[in-house]
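Listed below are the residues making up each chain.
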Amino acid sequence: MLLQDSDAKPVLVPSRLAPSAIYDLEYRTAVIYLVFDAFARAQAGSIDRKISASRLKFLQFLSIRPWLLPAIQEWSQEAEQSSLGLAYSVRIRRGFLSDTAHEDVMNFLVACRVFVRDGGQIALGAKGQEVERIIKEVQTRDLFVSERETIAALGDIKITNNMLEGW
């Protein structure tokens, strides 16, 4: 009430604003590495681990947004045609599709030869040992606890093709 009746004007000092970690290259890289390590699997007849590019994008999107876990759990358990599934899919897909930072980071990691694209799959590249090195460092220093807990929880949730459809 006091401020409404005064001539006070808010002052915004951009240099004092903290940028969101979601747009930090090193943060995104670490989360992508953690997701790849947790979910990439060897294909039949190969020892090379791969993950669907769309699955990697979806799982990293969720890993940095742990508050979406309850919605993903419910969406995963709903029948494909349910109104709940549609409501979740529209909201989450809208956020997911507008998240272009993942593609930028992946293009960088492919250019650095950490990953390679194999059709719709992502596999380790010539410098793939960097993934293991960073993961060990994250675990040793107990970093990204929330993200690692979310990744562990995602391991118990069935990510259906319907959830990934259109990505």
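Provided above is the structure to which this section pertains.
Now for a look at the structure at hand. (Residues numbered from 1 in each chain as written. Predicted model: local features only at pLDDT ≥ 70, side-chain atom pairs only at ≥ 80, totals over all residues. Heavy atoms only, no water.)

### Quick notes on the overall build of the protein chain
Tallying secondary structure elements over the protein chain gives eight helices and four strands in all. The order of α-helices and β-strands along the protein chain, N terminus first, is α-β-β-α-α-α-α-β-β-α-α-α. Taken over 167 residues, the protein chain has a buried fraction of 38%. The contacts of the protein chain with a sequence gap of at least 6 include a subset with a gap of at least 24, amounting to 65%. If you sum the accessible surface of the protein chain, you get close to 10,500 Å²; carbon and sulfur atoms cover 53% of it. (Helix = DSSP H or I, 4+ residues; strand = E, 2+ residues; numbered from the N terminus. Buried < 20%, exposed > 50% of the residue type's maximum accessible area, 1.4 Å probe, protein only. Contact = heavy atoms within 4.5 Å. Areas by Shrake-Rupley, 256 points an atom, 1.4 Å probe, with all protein chains shown as cover.)

### A few points about the pattern of salt bridges
In the structure shown here, the tally under the stated rule is seven salt bridges. The partner of Glu 130 in a salt bridge is Arg 133, with the nearest N and O atoms 2.5 Å apart. In this pair, Glu 130 and Arg 133 both sit in helix H6 (residues 129-140), three residues apart, roughly one turn of the helix. Here Lys 136 ties to Glu 132 by a salt bridge, and the two come within 3.2 Å at their closest N and O atoms. With Lys 136 and Glu 132 both in helix H6 and four residues apart, the pair spans about one turn of that helix. (Salt bridge = Lys/Arg side-chain N within 4 Å of Asp/Glu carboxyl O.)

### Examining the nonpolar core
By size, the foremost hydrophobic cluster in this structure holds 38 residues, and its most contacted members are Ile 51, Phe 58, Ile 72, Leu 109, Phe 115 and Ile 159. The set of elements that each furnish at least two residues to this core consists of helix H1 (25-39), helix H2 (53-63), helix H3 (69-77), helix H5 (101-111), H6, helix H7 (145-154) and helix H8 (161-164). Examining the composition of this core, we find that eight residues originate from one element, H1, more than from any other. If sequence neighbours within four positions are ignored, Ile 51 has contacts with Phe 36, Phe 39, Ala 40, Leu 56, Leu 59, Gly 120, Gln 121 and Ile 122. (Core = buried A, V, L, I, M, F, W, Y, C linked by side-chain atoms within 4.5 Å.)

### Topic: H3
Here H3 has its buried residues at Leu 69, Ala 71, Ile 72, Trp 75 and Ser 76. End-on, the buried residues of H3 take up no more than an arc of 160 degrees, which puts them together on one face. (Arc of directions from axis to C-beta.)

### Remarks on empty space enclosed by the protein
This structure, assessed with the given rule, holds one cavity of 30 Å³ or more. Approximately 30 Å³ is the volume attributed to the largest cavity. Elements with a contribution of two residues or more to the lining of the largest cavity: H2 and H5. The greatest single-element share of the lining of the largest cavity, amounting to three residues, is contributed by H5. (1 Å grid on protein atoms, 1.4 Å probe; cavity = no way out; pocket = protein on both sides within 12 Å on 5 of 7 lines; lining within 4 Å. Points joined across faces, edges and corners; volume = space filled by probe spheres on them.)

### Overview of the pairing of strand S2 (residues 49-52)
Two faces, one strand: in a regular strand the side chains alternate between the faces of the sheet. Relative to S2, strand S1 (residues 41-42) runs antiparallel, the two sharing two bridges. Its bridge partner being in S2, Ala 42 is matched across the sheet by Arg 49. The loop that links S1 with its antiparallel partner S2 comprises six residues; one of these, Gly 45, has a positive phi angle of about 75 degrees. Here S2 runs beside strand S4 (residues 121-124); their pairing, made up of three bridges, is antiparallel. The residue of S4 that forms the bridge with Lys 50 is Ala 123. (Pairing = 2+ DSSP bridges.)

On their own, these measurements won't tell you what the molecule is for.
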